[in-house]
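# Coordinate inspection notes
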Amino acid sequence: MLRLSMSAHAAELSRRQRTGALKSIISPRLVKKVLKKTRSGARGCPVVPDEIGVWLIIGLSLFCTDA
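Residues numbered from 1 in each chain as written. Predicted model: local features only at pLDDT ≥ 70, side-chain atom pairs only at ≥ 80, totals over all residues. Heavy atoms only, no water.

### A few points about the overall build of the protein
Operational definition: Only DSSP runs of H or I with at least four residues qualify as helices, and only runs of E with at least two residues qualify as strands; both kinds are numbered from the N terminus onward. Under the scheme applied here, a residue whose accessible area is under 20% of the maximum for its type counts as buried, over 50% as exposed, and between as partly exposed, the area being computed with a 1.4 Å probe on protein chains only. Only the protein chains shown count as cover for residues, and all accessible areas are computed by the Shrake-Rupley method using a 1.4 Å probe.
Across its full length, the protein holds four helices and zero strands. In the protein, the succession of α and β elements from N to C terminus is α-α-α-α. Counting across all 67 residues of the protein, residues that qualify as buried make up 9%. Taken as a whole, the protein presents about 5,900 Å² of accessible surface, with 63% of it coming from carbon and sulfur.

Now the structure itself:
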């Protein structure tokens, strides 16, 4: 099992700060560009927009220790 540990400095950052930092590293424009390039035509979830699904997956993987 893969275990991710946050440094002491990263643990002090608020969720809002980490989310802002994430958006500065992975821009929403980049997410849309990659989705447009890789979209197969079939949608995974008809209720949730693809962009939100991508951010959800990224967030779940990065903030998995916050539960």
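After that view of the structure, there is still more to cover.
### Overview of the packing of helix α3 (residues 28-38) against helix α4 (residues 50-62)
Definition in use: Interaxial angle, 0 to 180 degrees, is taken between N-to-C directions of lines fitted to C-alpha atoms, where a helix line uses only the stretch in contact. An angle below 35 degrees is read as roughly parallel, one above 145 as roughly antiparallel, one from 65 to 115 as roughly perpendicular, and any other as oblique. Handedness of each helix crossing follows the sense of rotation of the near helix against the far helix: counterclockwise by less than a right angle gives left-handed, clockwise gives right-handed. Should any heavy atoms of two residues lie within 4.5 Å, those residues are considered in contact. Each residue gets one label: Ala, Val, Leu, Ile, Met, Phe, Trp, Tyr, Cys and Pro are nonpolar, Asp, Glu, Lys and Arg are charged, and the others, such as Gly, are polar.
Look at α3 against α4: their axes get within 10 Å of each other, and the N-to-C directions meet at 115°. One finds that α3 runs roughly perpendicular with respect to α4. Along this stretch, α3 crosses α4, giving a crossing that reads as right-handed. On α4, the residues touching P28, V31, K32 and L35 of α3 are D50, E51, V54 and W55. Residue composition of the contact of α3 with α4, by class: five nonpolar, no polar and three charged.

### Considering a nonpolar patch on the surface
Note the threshold: Distance thresholds for patches are 9 Å for like charges and 5 Å for nonpolar side chains (Val, Leu, Ile, Met, Phe, Trp, Tyr), applied to residues having over 30% relative accessible area and no salt bridge. What makes a salt bridge here is a side-chain nitrogen of Lys or Arg within 4 Å of a carboxyl oxygen of Asp or Glu, nothing more.
Residues V47, V48 and I52 make up a contiguous nonpolar surface patch of roughly 270 Å² in combined accessible area. Tracing the backbone through its elements, the reader meets V47 in the loop between α3 and α4.

### Looking at the environment of K36
Tracing the backbone shows K36 in helix α3. In sequence terms K36 and D50 are 14 residues apart; their C-alpha atoms lie 9.9 Å from each other.

### Quick word on the confidence of the model for the protein
Worth spelling out the cut-off: Confidence scores labelled pLDDT are given residue by residue by the predictor and lie between 0 and 100.
When pLDDT is averaged along the protein, the result is 77, and 81% of the positions lie at 70 or above. Within the protein, helix α1 (residues 8-12) has the poorest average pLDDT of any element, 60, and α3 the best, 88.

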